[in-house]
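# Examination of the molecular architecture
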Amino acid sequence: MIKIVDNIDLNTAYEHLQDEGAGATSLFLGTVRNATQGDEVFQLEYEAYDAMAISEMQKISDAATAEFGLLKTLIIHAVGVKKVGDLVVVIGASAPHRKEAMAATKYMIDTLKQTVPIWKKEFFENKQVWVSENP
C-alpha cells in the first residue's frame, strides 16, 4: 500500500499489514512535534509531487521487500496543513521475524526522507520556513 493522502487511517494501515505468515509487524508513526531547534512550532504544511512521490515510494517498498524478505509493506504520507500531534507518515512492514520487520521499517523511513519529493513548511510565531531533507 503506497499512498499520498490528506489524512491517515491507522486502522486501515494496520489491517493491510496482516498476514498469516507474519511473526512480526513493525510500524513507524511520524507526527508533528511542537518545536524545532528550540522554536515553538504551531503547524506544518506538507506538499508532494504526487506522481513522482508514489513512484519513489514504490521503489523503496520493492527494495525493502527484496532485501528483508517482507510479506507486506506500506508507506503512507499525508499532505496539507497538520497541527501538533497530527500523524503525517506511516511506514510498515510485516515479516516472518521481528529483526527483518524492524530493519525494513527503519530503511524505508530513512530512504523516504532522502529520496521522495515531499516538502515540509514549518510555521513559527514570527516566521515560516520550508525544510527539506530530500530533492
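Above this note sits the structure.
Structure report, in brief. Because the structure is a prediction, the values reported are computed rather than measured.

Looking now at the sheet that holds strand 6 (residues 72-78). Across the sheet, which stays open at both edges, the 4 strands sit in the order 1-6-8-2 with mixed pairing between neighbours. The open sheet terminates on both sides in strands that have one partner only, identified here as strand 1 (2-5) and strand 2 (24-31). When strand polarity is set aside, the average angle formed by the axes of neighbouring strands in this sheet is 10°. With 4 bridges joining them, strand 1 and strand 6 adopt parallel strand pairing. Bridging across to strand 6, K3 finds its partner in I76. Relative to the sheet, helix 2 (residues 50-68) contacts strand 1 and strand 6, its axis offset from that of strand 1 by approximately 145°. Its contacts with the sheet put helix 3 (residues 98-115) on strand 2, strand 6 and strand 8 (87-95), and the angle it makes with strand 8 is roughly 145°.

Inspection of the secondary structure assignment puts G21 in the loop between helix 1 (10-17) and strand 2. Residue G21 is classed as partly exposed on the basis of its relative accessible area, which comes to 43%. Sequence separation between G21 and I75 is 54 residues; the distance between their C-alpha atoms is 20 Å. Setting aside residues up to four positions removed in sequence, G21 forms contacts with L71, A95 and P96.

The N-to-C vectors of helix 2 and helix 3 enclose an angle of 150°; their axes lie 10 Å apart at closest approach. Taken together, the axes of helix 2 and helix 3 lie roughly antiparallel to each other. Here helix 2 and helix 3 pass one another in a crossing that is right-handed. On the side of helix 2, the interface is formed by E56, M57, I60, S61, A63, A64 and F68, while helix 3 contributes E100, A103, A104, Y107, M108, T111, L112 and T115. The class makeup of the residues in the contact of helix 2 with helix 3 is 10 nonpolar, 3 polar and 2 charged.

Thresholds applied
- Residues numbered from 1 in each chain as written.
- Predicted model: local features only at pLDDT ≥ 70, side-chain atom pairs only at ≥ 80, totals over all residues.
- Heavy atoms only, no water.
- Pairing = 2+ DSSP bridges.
- Helix = DSSP H or I, 4+ residues; strand = E, 2+ residues; numbered from the N terminus.
- Axes fitted to C-alpha atoms, helices over the stretch in contact; angles between N-to-C directions.
- Contact = heavy atoms within 4.5 Å.
- Buried < 20%, exposed > 50% of the residue type's maximum accessible area, 1.4 Å probe, protein only.
- Parallel < 35°, antiparallel > 145°, perpendicular 65-115°, else oblique.
- Left-handed = near helix turned anticlockwise from the far one by under 90°.
- Nonpolar A, V, L, I, M, F, W, Y, C, P; charged D, E, K, R; others polar.

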